[in-house]
Structures are given as structure tokens and as C-alpha cells.
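One-letter residues, chain by chain:
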Amino acid sequence: MPNPDAPPPIIRLVTYGPTDVTEHEIDDLKRIAGLVNDSVVTWVDVDGLGDADVVMRVGDLFGLHHLALEDVVNVHQRPKVELYGDHLFMIARALPHDDSHGSAQIAMFLGRNFVVSFREREAVCLDAVRQRILSGKGKIRTYGADYLLYALLDSVIDDYFPALEKHGENLDVLDSQISAGADRNLISEVHQLRSELLSLRRAIWPLRDAINALIRDSGDLISDETDLYLRDCYDHIIQIMDVIETDRELCSDLRDFYLTVVGNRMNQVMKFLTIIATLFMPLSFIAGLYGMNFNPSASTWNMPELNWTFGYFFALALMAGTATTLTAVFWRKGWLR
């Protein structure tokens, strides 16, 4: 069953060859059969999965396997490749360009002369491929449907690099803030960043195996020349995985660094309080000693200082001298620096 919050599908059909290209926005699925031509490449792009009946009807028009169509509607699939006789089915996960978190599923079917793609939600990277086709930039219009599948995959994969660059900049900012001793609770930001990197890892890691399977077990649907381009996608995925692992290690290092900074700050506070308590310990002893209620008139040994004219000033001077001596000792030992 489709997600009830999924947007209604918008269907675009693009047919192209080396010299011509046409684009149609489909409001009646019956039009698709009349627009498909075996002499050109056909790309049907379904944006939004709010209507499962539309997905199934599009699948029937191209003879797509019903099990694969069920995976299209259930959008929590891992990237994978499956071969169904005369067509293959592939799932990739694209990054959103809005403030939403997580990745969006993109399901693609490759046939002899067609590609059918289903987007969970808007993926700007696929729109860039469509603009390349319409404008005739590059060599995409001189190749077959297998190259179109590569172009879509390459666009999805390359979209990870700006996201990783942004995460790297956030790591640098957090490192600077922690080094400066920022009072904010930065550990939650480090944890959030690490969670986002983990989400990226889950999206890109299985795609490596899917690309590898696409290169090895695609039958004759993908030409040897397109295999070379797919190997380039595989290399890009390895680079992305290396960057993700490095950034995750940096997150762990930043977390340890933050805890160390907080611990050192707490140690400084405890050191200061310990010095204050140490200074007042002898003063408390002196004040407690002269606060005892012994009667000097009962014995000459009973606190004779209480009868002195300057007994009070003597006690204050003794306290001040003790505190000054302790402070000088602490300073010479470097405890106050």
C-alpha cells in the first residue's frame, strides 16, 4: 500500500534519438502506448507514488514484473538490482534538497529501449538529466537506454558529494567551537551529525553491491561501453564511503574531545574549590579553637589569650598569616597558575 501522505503522481514521458527529442506530460495513461517507439529511447518518469493503481498500470504497459512493482510502492527498500528476463529492476536512494532528513527511494526499470523511473518524492538530480536530454548537452542522446540508466545513477551518486562537503564544514565548525570552549551543549549536535552520516552510509553502502551486480549480471541489457561508465559510478561510491567513514571517525573524535574539554573544565572548577577549602581549613580550626568556652579565670592555662588586650587582633593576624603562607606555597608549586 502506498503512503497516504505520498504526493499524487506526475508522469512525464521523454522520447529521444540522436537528432530529435520530445517531451510530454501524461494525464491519460492510454497516451503512453501511442508515444512509445522502438526506434528511439523512451523515458517515463513517475514523480510521486500516491496512487498505486497508476504504478501498476504503467508497469502493465511495459510488461514490468508485479513483484518489482510491489517494491516500488513499498518505499523502504535497500538499493538492489534484480533481473527479470527482458528487463531489470534497480533501486537507489537519493538525497532530498529540502530540510527533510533521510533519503528518498528511486526505482528504475531498464528494458531494450526504455527506462521507467518511479520517485518517492521530488529528486532534483533526475530533473538535471532530463534537462541534459532536452538541451542536447553531452552525448546522452547518441546512446541507448542503458546509458540513460547510467546517467540517472551517476546523477544520484554525485548528489552525495555536496552533502558530504556540508557535513565536513559542520565538523570543522564544531571542532572550532569545542576548542574555543563554547558553553553550549555541543554533544547533541555532534550526535545529530553522526546520525545523519549513518543514514548516508545506509543509503550508499548497499548501492555499491547493486552497481557491482549491475556490471556483472545484467545480461545483454547493458553494453560493454556502458559497463565502463558504471565502473566509474562504482569508484565514486567507494570515494563516498571513504569520506563517510572518515567523517564518522571524526565525529567520535569530536565527542571524545568535547568530553575531555568538559572534564578539564570541571577539574579546573574542582581545583579552585579545593584551594579555597584548603585555605579555610586552618582558619576554621583557629576560629573553632578560640570559640571553645573554657573559663580563663578557673585556670591560667585556660586560653590566656582571651584576657589579652590585643587577643582579637592576634587571632585575626594569625588567620591572615596562615592564609598568606598557604597562598604563597600554592603559588610556588604552580597550583594557582
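Placed above this text is the structure.
Given the structure is predicted, the values throughout are model-derived calculations rather than measurements.

Draft legend 1. Spatial organisation of the packing of helix α7 (residues 187-216) against helix α8 (residues 224-289). At a minimum axis distance of 9 Å, the contact between α7 and α8 shows a crossing angle of 160°. By the angle between their axes, α7 is roughly antiparallel relative to α8. Pair α7 / α8 crosses with left-handed handedness.

Draft legend 2. Focus on the sheet that holds strand β6 (residues 104-110). On the basis of which strands lie adjacent, the open sheet formed by seven strands has the order β2-β1-β3-β7-β6-β5-β4 and mixed pairing. Pairing within the sheet leaves two strands with one partner each, and these edge strands are β2 (21-26) and β4 (80-84). Each adjacent strand pair in this sheet contributes to an overall mean axis angle of 15°, direction not counted. In terms of strand pairing, strand β3 (residues 41-47) meets strand β7 (residues 114-119) through six bridges, oriented parallel. Across the sheet, the residue bridging to Asp47 is Arg119, located in β7. Helix α4 (residues 124-135) rests against β1 (10-16), β2, β3, β5 (87-94), β6 and β7 of the sheet, and its axis sits at about 150° to β3. Lying on the sheet, helix α5 (residues 145-158) is in contact with β1, β3, β5, β6 and β7; it crosses β6 at an angle near 165°.

Draft legend 3. Structural context of the packing of aromatic side chains. What the rule picks out here adds up to eleven aromatic pairs. Taken together, a centroid distance of 4.6 Å and an interplanar angle of 20° make the contact between Tyr143 and Tyr147 stacked. Using a relative accessible area of 5% as the deciding quantity, one classes Tyr147 as buried. On the basis of an interplanar angle of 35° and a centroid distance of 5.2 Å, the ring pair of Tyr150 and Tyr229 is categorised as tilted. Pair noted here: Tyr150 is in helix α5 and Tyr229 is in helix α8, with a separation of 79 residues, a long-range link. Given a relative accessible area of 19%, Tyr229 falls into the buried group. Among the aromatic side chains, those forming a connected cluster through ring pairs are Tyr143, Tyr147, Tyr150 and Tyr229. Its guanidinium or amino end placed over the ring of Trp205, Arg201 lies 4.4 Å from that ring's centre, counting from NZ or CZ. Above the face of the Trp205 ring, Arg208 is positioned so that its terminal group lies 4.8 Å from the ring centre.

Parameters at a glance
- Residues numbered from 1 in each chain as written.
- Predicted model: local features only at pLDDT ≥ 70, side-chain atom pairs only at ≥ 80, totals over all residues.
- Heavy atoms only, no water.
- Axes fitted to C-alpha atoms, helices over the stretch in contact; angles between N-to-C directions.
- Helix = DSSP H or I, 4+ residues; strand = E, 2+ residues; numbered from the N terminus.
- Parallel < 35°, antiparallel > 145°, perpendicular 65-115°, else oblique.
- Left-handed = near helix turned anticlockwise from the far one by under 90°.
- Pairing = 2+ DSSP bridges.
- Contact = heavy atoms within 4.5 Å.
- Phe/Tyr/Trp six-rings, centres within 6.5 Å; stacked < 30°, edge-to-face > 60°.
- Buried < 20%, exposed > 50% of the residue type's maximum accessible area, 1.4 Å probe, protein only.
- Lys NZ or Arg CZ within 6 Å of the ring centre and 35° of its normal.

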